[in-house]
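So the chains spell out like this:
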Number of protein chains: 2
Amino acid sequence: MDKNIFDIIVDSIYFARKRVMRIFRKDIASRSLGRNISGDITRYIDMVSEKSIIDFLKKSLKSFSILSEEAGFRKYGADYPLIIMDPIDGSFNASRGIPLFSISIAVAYGDTINDIVFGAVCNIATGDIYTGYKDKGAYLNNILIERNIRGFRPVVSIALSQNIYPKMNKFIRISLDKGWKIRVIGSSSLEICMVADGSIDAYIDIRNMLRISDIAASILILNESKGRIYNRSIFNEVFLGEKRYNIVAANSQSLLDEILAVLEFINKSY
Amino acid sequence: MDKNIFDIIVDSIYFARKRVMRIFRKDIASRSLGRNISGDITRYIDMVSEKSIIDFLKKSLKSFSILSEEAGFRKYGADYPLIIMDPIDGSFNASRGIPLFSISIAVAYGDTINDIVFGAVCNIATGDIYTGYKDKGAYLNNILIERNIRGFRPVVSIALSQNIYPKMNKFIRISLDKGWKIRVIGSSSLEICMVADGSIDAYIDIRNMLRISDIAASILILNESKGRIYNRSIFNEVFLGEKRYNIVAANSQSLLDEILAVLEFINKSY
């Protein structure tokens, strides 16, 4: 494992960020370029980010593979390191001019979640960067994230879509009754990292929509920020591939248990 | 009316922003300093922002008055210009480390909304600044906001609290059925400015919680960004004071009408 690759990944993110911010809020950002391998619309801003990162990596790394949300799998001379990336997580926000979207990149030396050794997620609009090193901690702007739960009123960020609204409606109602605060932000990797740094207390996405490229980096960051937790039972036996995921991330076991109990209650009464 | 005061206001915001960002994400930011004149908790981060702005204005302006969310009304030698400010809009986000909060400042030469001649709202975490000059347009980062509706799927940002959830639950359900996207961000002045710049299509806050200091600046910015609209009927006859407001802001008359019709339908069936 070449340590230097982590710095190269971070540099590639800053390189892409500069190019992305140049077109952010311009009409061209949202131009549709057709559908990607997952069936989602690829917009010009996604392509700019992806191309910037790949160009940068091709110049900086001898051999590697890429698994990207837009381009799918591409091999550049070797299977590993495998760079798993979502060039823009929160594409819809990015295309609209809403400053809530990220670049998410993970590095793996194998085909399972456990083989991920590094993750980086950058909040493009603010420049904040989250990094996680397997067994070596998680960082926000190069400062170690230490267990620091600030909330006396838990903040729970959720993913909302039409098909899961009956469930989430009940979830929101119960959350508000408990005195929790609700947010809906629209960039899952960013929201998982916000659980990691303690700025929010939980993130819930049960749309069965998340791809490995959406969460590979942020899950490592979450794991490496001590005390944060996610639904491993649901999330078990993860292999890289086309599978879709749900996630409940929380900054304590007790909050995770409480959320899972609410979701189970809703499932039963649904 | 001294034109230069607008530049001073913007400078005071950048001055405060620097001091606020120094404590953002530090434990001290959320320390409670008791309750302000409106009964809300004043946190250390609110105080730092307010003190920075007032200090700056005292050095830069001969005479003026301030109406601030935390400190209430203060006269420094003259009734006008009246500086109406919310030193941190989105205090809860700011105190938690969620990068979604703003400084909001308006300048008035009279006691009604119509007497506001300038508004500035700064997204603290990104540094984006919105400005509006009465009858002279609205700007984002000094670039004129021109009518540019990007959305084919409307994005509607809402304020959520326990007491209005029965209504908002129905509103969310109907919105999702229409194919609209929902966001919950937690900084009303920022969300109103996001309607102004077209990054979201509507903002709805019917908690009957908004103070004049929350919305004075962003309402002018919205008004000055052509084509954007809000519920004047609800919002009529506004005078500076202790009154609380609801707002529905939208980027077209037709979307505003559609939202108001949904809210009316909910009110009737409620």
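Here's a quick rundown of the structure. Remember, predicted model here, so these are calculated numbers, not experimental data. Per chain, residues are indexed from 1 in the order of the written sequence. Here chains are named by letter from A upward and ligands by number from 1 upward, in the order in which they appear as written. Confidence filtering applies because this is a predicted model: local features only for residues at pLDDT of at least 70, side-chain atom pairs given and counted only at 80 or more, and all residues used for totals across whole chains, interfaces and linings. Heavy atoms throughout the structure, all of them, feed into the side-chain values; hydrogens and water do not.

### Focus on the overall build of chain A
So, step 1. Under the scheme used here, helices are H or I runs from DSSP no shorter than 4 residues and strands are E runs no shorter than 2 residues, and both carry numbers assigned from the N terminus. Broken down by element type, chain A carries seven helices and 14 strands.
So, step 2. The globule rule is 2.2 Å times the number of residues to the power 0.38, and the radius of gyration it is compared with is taken over C-alpha atoms. Computed over its C-alpha atoms, the radius of gyration of chain A comes to 18 Å, within 12% of the 18 Å expected for a compact globule of 270 residues.
So, step 3. Principal-axis analysis of the C-alpha atoms gives chain A an extent of 55 × 40 × 30 Å.
So, step 4. Sequence-distant contacts, at least 24 apart, represent 61% of the contacts inside chain A between residues at least 6 apart.
So, step 5. Positive charge is attributed to Lys and Arg, negative charge to Asp and Glu, and no charge count is given to His or to the chain ends. Note on charges: their place is set at NZ of Lys, CZ of Arg, CG of Asp or CD of Glu. Taken together, the 36 basic and 30 acidic charged side chains of chain A have centroids lying 5 Å from each other. Contacts are assigned to residue pairs that have any heavy atoms within 4.5 Å of one another.

### Here's the deal with the interface of chain B and chain A
So, step 1. Contacts between the two partners involve 45 residues from chain B and, on the opposite side, 45 residues from chain A.
So, step 2. When a carboxyl oxygen of Asp or Glu is within 4 Å of a side-chain nitrogen of Lys or Arg, the pair counts as a salt bridge. Put simply, chain B and chain A have four salt bridges between them.
So, step 3. A salt bridge links R96 of chain A to D201 of chain B, with the nearest nitrogen and oxygen atoms 2.7 Å apart.
So, step 4. Pairs of N or O atoms are called polar contacts if they sit within 3.5 Å, as long as, within protein, a hydrogen donor faces a hydrogen acceptor (for residues adjacent in sequence, only side-chain-to-side-chain pairs). Where chain B touches chain A, the interface holds 21 residue pairs in polar contact (both at pLDDT 80 or more).
So, step 5. Looking at the side of chain B that touches chain A, the elements that each hand over two or more residues are α3 (91–96), α4 (165–177) and β11 (181–183) of chain B.

### Brief notes about the sheet that holds β11 of chain B
All names here are of chain B.
So, step 1. The sheet built from five strands is open, its strands ordered β11-β10-β12-β14-β13 with mixed pairing. Taken across any chain shown, the strands that pair with only one partner, and hence form the sheet edges, are β11 and β13 (229–230).
So, step 2. Strand pairing is assigned whenever DSSP identifies at least 2 bridges connecting the two strands. Sheet topology note: the strand β12 (residues 202–210)/strand β14 (residues 245–250) ladder contains five bridges and is antiparallel. In the sheet register, Y203 faces β14, and the bridge partner there is A249.
So, step 3. The strands touched by helix α5 (residues 188–196) are β10 (155–158), β12 and β14; relative to β12, the strand with the most contacts, the crossing angle is about 150°. Every axis corresponds to a line fitted to the C-alpha atoms, with the helix fit spanning only the stretch in contact, and the corresponding angles, defined between N-to-C directions, vary from 0 to 180 degrees.

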